[in-house]
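The primary structure of each chain is shown beneath.
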Amino acid sequence: MEYVTSRATAKDDRNAWAESGVEDLGGGLYRIPLPLPNDGLTAVNVYAITGERGVDLVDAGMALDQARDRLTQALGQLGYGLPDIRNFFITHIHQDHYTLAVQLRSTLRGQIALGEEERTNMVAIRDVAQGRHEPGFIEMLPALGAAELARQVRAILAPGLANPAPKLEWDDPDRWLADGAVIDLPSRSLRAIHTPGHTRGHVVFHDEAGGLLFAGDHVLPHITPSIGFQPAITRQALSQYLGSLRLMLTLPDSRLLPAHGPVSDSTHARVNELLAHHETRLAQTLEAASAGPVTAFAAAAALPWTRRKRKFTDLDPMNQLLAVGETAAHLEVLVVRGQLIRVTSAEGIDLYSLPERS
Ligand SMILES: [Zn+2]
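Residues numbered from 1 in each chain as written. Predicted model: local features only at pLDDT ≥ 70, side-chain atom pairs only at ≥ 80, totals over all residues. Heavy atoms only, no water.

A. Fine view of the nonpolar core. Ranked by internal contacts, the top residues of the largest apolar core, which has 47 residues, are Val219, Leu245, Met248 and Val324. Mapped onto this core, the elements with two or more residues apiece are helix H4 (136–139), helix H5 (147–162), strand S12 (212–216), helix H6 (237–249), helix H7 (267–289), helix H8 (296–301) and helix H9 (317–336). In terms of residue count, the dominant contributor to this core is H9 (eight residues). Once you skip the residues sitting within four places of it in the chain, Leu245 turns out to touch His218, Val219, Val271, Leu274 and Leu275. In terms of nonpolar packing, the next biggest core, distinct from the first, is built from 35 residues, Leu34, Val55, Ala101 and Met122 among them. (Core = buried A, V, L, I, M, F, W, Y, C linked by side-chain atoms within 4.5 Å. Buried < 20%, exposed > 50% of the residue type's maximum accessible area, 1.4 Å probe, protein only. Helix = DSSP H or I, 4+ residues; strand = E, 2+ residues; numbered from the N terminus. Contact = heavy atoms within 4.5 Å.)

Here it is, written out as structure tokens:
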């Protein structure tokens, strides 16, 4: 059953935002959730900015028949078709945001724009697809003390790595967006702001006059975004992410239009919650490393996970991988802050401990 909701309807149920339909946000702007089957995120929001000359989309969804059909239906309700899409403004390179844009561009018009700092990830994705090396988030595991987990994850991913997604889904965008690039649309003006952390080239799109922030996965209402889960990893992912969160507080507050979850009134309110969450997590991680030296794997195993405080050993291997990466990111922030030191062993394993007090 397709319907156009008003803003008020979807408030009670935590997953209501993911139900198929079109949410009218006013001013010719619509939120269209597209399905992500077999994914805990459930759906990804595509935002349609409509006008007389066509439609501009912020994020595009995943290259799946269900997603393409849903987008076709939703645009149809608004009086448009897929050929009316003028631009795809993509917040980051993850497949649930980028790949449907590439698929649609191959047969229809539409220009794709992506943050220029994602070039490194694009190169790494192609290297992985062509078997030149493993994704960074697997390659890093032995150094984090998780060689056995790497073996488990390889076994799970082997079928996918042997049959990588069709090359067309990882074609370059038409335009690499620089930090601060201004996009003038007929109805509104967007500024691309580089917000590294979730990925190294993530951008948000700020409509200052309209009081809107298209936040991608940088600021999510219900969950904390994964940090640095990307093909080309960096030790500094969480330091960058915290900086990118503080950057949001220097902008005027605005409505939060996230890629996963419902629209809410204040970006700043959620940013402050996320900053507080990471400070709590940093304190817990420091505690876990205080009897050090510990690996990221050992520190992760000592921490509670998810809102339900699950034990690390109860997580499946893919979630253990995320947890170890997340812990390593927190340990690295503590190193930058001078609260821990990192020493790499002769075997190439990173060990964290308290600095010696003199
Ligand atoms: Zn993402």
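B. Spotlight on the confidence of the model for the protein. Across the protein, the average pLDDT comes to 91, with 94% of residues at or above 70. Every residue in residues 1–11 is under pLDDT 50, and counting partners more than four places away or in other chains gives 23 contacts. (pLDDT = per-residue confidence, 0-100.)

C. Representation of the layout of surface pockets in the model. Volume-wise, the second largest pocket comes out at about 320 Å³. Along the wall of the second largest pocket there are 21 residues; nearest its centre are Met140, Ile233, Thr234, Gly325 and Ala328. For the lining of the second largest pocket, the elements supplying multiple residues, two or more each, are H9 and strand S15 (350–353). With seven residues, the single largest contributor to the lining of the second largest pocket is H9. Within the lining of the second largest pocket, the residues separate by chemical class into 13 nonpolar, four polar and four charged. (1 Å grid on protein atoms, 1.4 Å probe; cavity = no way out; pocket = protein on both sides within 12 Å on 5 of 7 lines; lining within 4 Å. Points joined across faces, edges and corners; volume = space filled by probe spheres on them. Nonpolar A, V, L, I, M, F, W, Y, C, P; charged D, E, K, R; others polar.)

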